[in-house]
Amino acid sequence: MATALIYDGEMTSHKLLWDDPLCDIEVPDRLTVSYEALVRSGLVDRCASIPVREATEEEILLIHSEEYLEKVKKTPHMSVEELKDFSLQSDAVYFHPNSYHCAKLALGASLQLVDHVMMGKVKNGMALVRPPGHHSMRDASCGFCIFNNVAIAAQYAKQTYGIQRVLIVDWDVHHGQGVQYCFEDDPSVLYFSWHRYEHSTFWPNLSESDYNAVGKDQGAGFTVNLPWNKVGMKNSDFLSAFCHVLMPVAYEFCPELVLVSAGFDAGIGDPEGEMCATPDVFAHLTHLLMNLAGGKVCAVLEGGYNLTSLSQSVCQTVQTLLGDPNPRPENLDSPCESALESIHCVRRAHKQYWSCFSHAADLLEGQISTKPIGLAKEEEESTVKKKEECVWPEPPKRVAPLVRTAVLLSGDSVCPGGCERLPSSDHPDPDVVNELRQNFLQGDGDREALSALADLVTFTEKMEKNEICNGLAVVRDITLAVTCVVRQVTKAPNNRVLVVCVGDGEVPSNITGDRKTLVVQICSRETKQSNCKFYIPVCLKKGCSDLSGFIQAVFGLLLPMGYEFDPSLVLLVRMPGSEVCDGMWQQLTGLLQSLAKGHTLVLIQEGENTCVGPTASSLLGNPAPPLGRLQAPLPQDVEEIERLRLKLQGDWKLLQTTAPGAQRSDEL
Ligand code: X5A
Ligand code: ZN
């Protein structure tokens, strides 16, 4: 199924007709430059192009008042002077005689996208629109926004398709207060926003943008605000926020549709945000959302004012929606203290609403700064300097290998549709065979076992050469297979492999203890406590059959460690009797493809063959089916995961959810 791209050059006719330093960054070039970048990179040709349409009055009135609509309707007939006066009645907005038309197109484009995704005509998509929407309110335009495209899209989707849960992810650097106001008492729309806040000194300077604004009445808990109190937030801060705040809540909520208020002003070089998200991070944010709601993700452009950064980030987003393998994450270091403080506060504020945060530590009163701290002189100077020096490399081309998914199966099983069967080589390379014989098999070994291992070696080599993106192999001896693949991959000096073992088998001890191999095992066996930084057993009470515990382990431990480790290959191992259900397995398979440029090799123990079809489907890029609304995880499991997180966060910085020194002493 296709990815939709909705764009119309007509939306560039809305522009500023007078001098206004507050508004002059919202230029028509934002759209043309983004679209041209998509054309140049060949992405436009790969998307289904869907025409825009004007939204109807009825649709506008889903969120806005008649009075407001009547006012906006008059603007096409106003003189420039009248437009200027009218614009001054709002906070940071300009109107042009064509603005009403463009605003209707921007909204219509967003609704077209929702329609096509909801009707299953496309898999997902992006609408490149202006004017943006997320600041506009029932009765007022605000912050370059006239109609609230995403808020209306959410209301429209609920009403038209009878869905009960919509997730809005607002990754624009500003707080979409307009969206928040629309749904603050509505539990059917979960609104997540991170935003530059600086203790309320940054526009729009609202106390309701802080982490303690969680929604009202029935909607309490369904507004999740993550304020950034410093500029300069980096990839690690943004990815941490997704892993430790948004994703666990999103999975617990189980949306039927995901709308993204996709502003790119948190991107590096943006004059408004002054943040440092490099374009590749938007590929990761997008990818993480793509297994929610059966993959129904609609991204609608909001802000983004550095034309280079904006267009690169838009390309990363669209390319990810298309299903191309993700880039390796760049520049991941430790999240900064201020980010951790915010992450901690929002988890704490939502503890009573979301069971994934039931263990979020309380704070000692006064340990978190709630007031702006004046920057030291030197620091201020260095910030200014950074702004001028902001250069970053153009993201490398993301090439999808010719073969997406290859399979190694025993002779009699059928190859799942869309996959390529790797022929078993009758005459494996004698050097490879000799080495395998020496390393793995005593004496002459059995010919069949040898050639199976030789096939696995070929498989990994093809992935390394980027001839194959991912694949699966059904193997007779899983221990041997794991050892063999790990040895093969870690031969090259710069390779690293993340081994994810699901289920209770014995992890071969000869692959652990090497810093090039990180093993995470999710199991139900009693912990034999590991003190190795590179072998992490996560033992859940009910093992892999408990969805909530499993999800918690994935976002709380596995993905952050995976990101920090940055492997060149992910080896996902299905142990015998793993008891993981297909849905969870597919989620895991889908999510892990964020790493290692999508190089995921799944090893399946013979006898667990029923999962071959579902595994192949996820490897091919099909979204996993939703898991349903999750129960609260077992307290023991939450405690075990938290215990591990606290223990490991010294080694793995992305596991942190609290600023150093901010935990209660009794929780350490
Ligand atoms: C959509 C968007 C920003 C408005 C900033 C006003 N609006 N200072 O990014
Ligand atoms: Zn913005």
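Residues numbered from 1 in each chain as written. Chains lettered and ligands numbered in written order. Predicted model: local features only at pLDDT ≥ 70, side-chain atom pairs only at ≥ 80, totals over all residues. Heavy atoms only, no water.

### What about the pattern of salt bridges?
Turning to step 1, where the next piece is worked out: Following the criterion strictly, the structure yields 20 salt bridges and no others.
Turning to step 2, where the next piece is worked out: In this structure, Glu 26 engages Arg 130 in a salt bridge whose closest nitrogen and oxygen atoms are separated by 2.7 Å. Of this pair, Glu 26 sits in the loop between β1 (3–6) and α1 (29–40) while Arg 130 sits in the loop between β3 (124–127) and α7 (149–161), and the two are 104 residues apart along the sequence.
Turning to step 3, where the next piece is worked out: Its relative accessible area of 0% is what places Arg 130 among the buried residues.
Turning to step 4, where the next piece is worked out: Here Arg 53 and Glu 59 are joined by a salt bridge, their closest N and O atoms 3.0 Å apart.
Turning to step 5, where the next piece is worked out: Judged by its relative accessible area of 22%, Arg 53 falls in the partly exposed class.
Turning to step 6, where the next piece is worked out: Among the ionic contacts, a cluster of salt bridges with common partners joins Glu 26, Arg 30 and Arg 130. (Salt bridge = Lys/Arg side-chain N within 4 Å of Asp/Glu carboxyl O. Helix = DSSP H or I, 4+ residues; strand = E, 2+ residues; numbered from the N terminus. Buried < 20%, exposed > 50% of the residue type's maximum accessible area, 1.4 Å probe, protein only.)

### Describing the sheet that holds strand β8 (residues 297–301)
Turning to step 1, where the next piece is worked out: One open sheet holds the 8 strands; their spatial order is β2-β1-β3-β8-β7-β4-β5-β6, and the pairing between them is parallel. What marks the edges here is a single partner per strand, and that holds for β2 (48–49) and β6 (223–228).
Turning to step 2, where the next piece is worked out: Summarising the sheet, β1 and β3 pair through 4 bridges and their orientation is parallel. Its bridge partner lying in β3, Leu 5 is registered against Met 126. (Pairing = 2+ DSSP bridges.)

### Things to note about the environment of Asp 8
Turning to step 1, where the next piece is worked out: Note that Asp 8 resides in the loop between β1 and α1.
Turning to step 2, where the next piece is worked out: A C-alpha to C-alpha distance of 9.9 Å links Asp 8 and Arg 130, two positions 122 residues apart in sequence.
Turning to step 3, where the next piece is worked out: At a separation of 2.9 Å, a polar atom in the side chain of Asp 8 contacts the main-chain amide nitrogen of Glu 10. (Polar contact = N/O pair within 3.5 Å; in protein donor to acceptor, adjacent residues only side chain to side chain.)

### With respect to the domain arrangement of the protein
Turning to step 1, where the next piece is worked out: Each assigned domain of the protein is listed with its residue range as follows: domain 1 (2–388) and domain 2 (472–656).
Turning to step 2, where the next piece is worked out: Taken over C-alpha atoms, the centre of domain 1 sits 32 Å from the centre of domain 2.
Turning to step 3, where the next piece is worked out: Taken together, the 37 residues of domain 1 in the interface contact 39 residues of domain 2.
Turning to step 4, where the next piece is worked out: Between domain 1 and domain 2 the total buried area reaches about 3100 Å² when both faces are included, carbon and sulfur atoms providing 60% of it. (Domains from an automatic or database assignment. Contact = heavy atoms within 4.5 Å. Buried area = accessible area lost by both parts, 1.4 Å probe.)

### Quick look at empty space enclosed by the protein
Turning to step 1, where the next piece is worked out: In the structure shown here, the tally under the stated rule is 6 cavities of 30 Å³ or more.
Turning to step 2, where the next piece is worked out: Here the largest cavity defines a volume of roughly 220 Å³.
Turning to step 3, where the next piece is worked out: Forming the boundary of the largest cavity are 20 residues, of which His 287, Met 290, Arg 404, Gln 593 and Gly 621 lie nearest the centre.
Turning to step 4, where the next piece is worked out: Per-class residue counts for the lining of the largest cavity are 4 nonpolar, 13 polar and 3 charged.
Turning to step 5, where the next piece is worked out: Mapping the lining of the largest cavity onto the domain boundaries places at least three of its residues in each of domain 1 (2–388) and domain 2 (472–656).
Turning to step 6, where the next piece is worked out: Counted as a void, the second largest cavity has a volume near 100 Å³.
Turning to step 7, where the next piece is worked out: Together, Cys 243, His 244, Pro 248, Arg 347, Cys 356, Phe 357, Gln 552, Phe 555, Gly 556, Ile 641, Glu 642 and Arg 645 line the second largest cavity.
Turning to step 8, where the next piece is worked out: Of all the secondary-structure elements, those providing two or more residues to the lining of the second largest cavity are α9 (235–253), α17 (547–565) and α20 (635–648).
Turning to step 9, where the next piece is worked out: Tallied by class, residues from the lining of the second largest cavity come to 6 nonpolar, 3 polar and 3 charged.
Turning to step 10, where the next piece is worked out: Mapping the lining of the second largest cavity onto the domain boundaries places at least three of its residues in each of domain 1 (2–388) and domain 2 (472–656). (1 Å grid on protein atoms, 1.4 Å probe; cavity = no way out; pocket = protein on both sides within 12 Å on 5 of 7 lines; lining within 4 Å. Points joined across faces, edges and corners; volume = space filled by probe spheres on them. Nonpolar A, V, L, I, M, F, W, Y, C, P; charged D, E, K, R; others polar.)

### Side note on the site of ligand 1
Turning to step 1, where the next piece is worked out: Around ligand 1 sit 13 residues, and of these His 135, Gly 143, His 174, Asp 265 and Tyr 305 come closest.
Turning to step 2, where the next piece is worked out: His 135 is positioned with one of its side-chain polar atoms (N or O) 3.3 Å from a nitrogen atom of ligand 1.
Turning to step 3, where the next piece is worked out: With respect to ligand 1, the backbone of Gly 143 contributes an N or O atom lying 3.1 Å from a nitrogen atom.
Turning to step 4, where the next piece is worked out: Of the residues belonging to the shell around ligand 1, the class tally is 5 nonpolar, 5 polar and 3 charged. (Near = heavy atom within 4 Å.)

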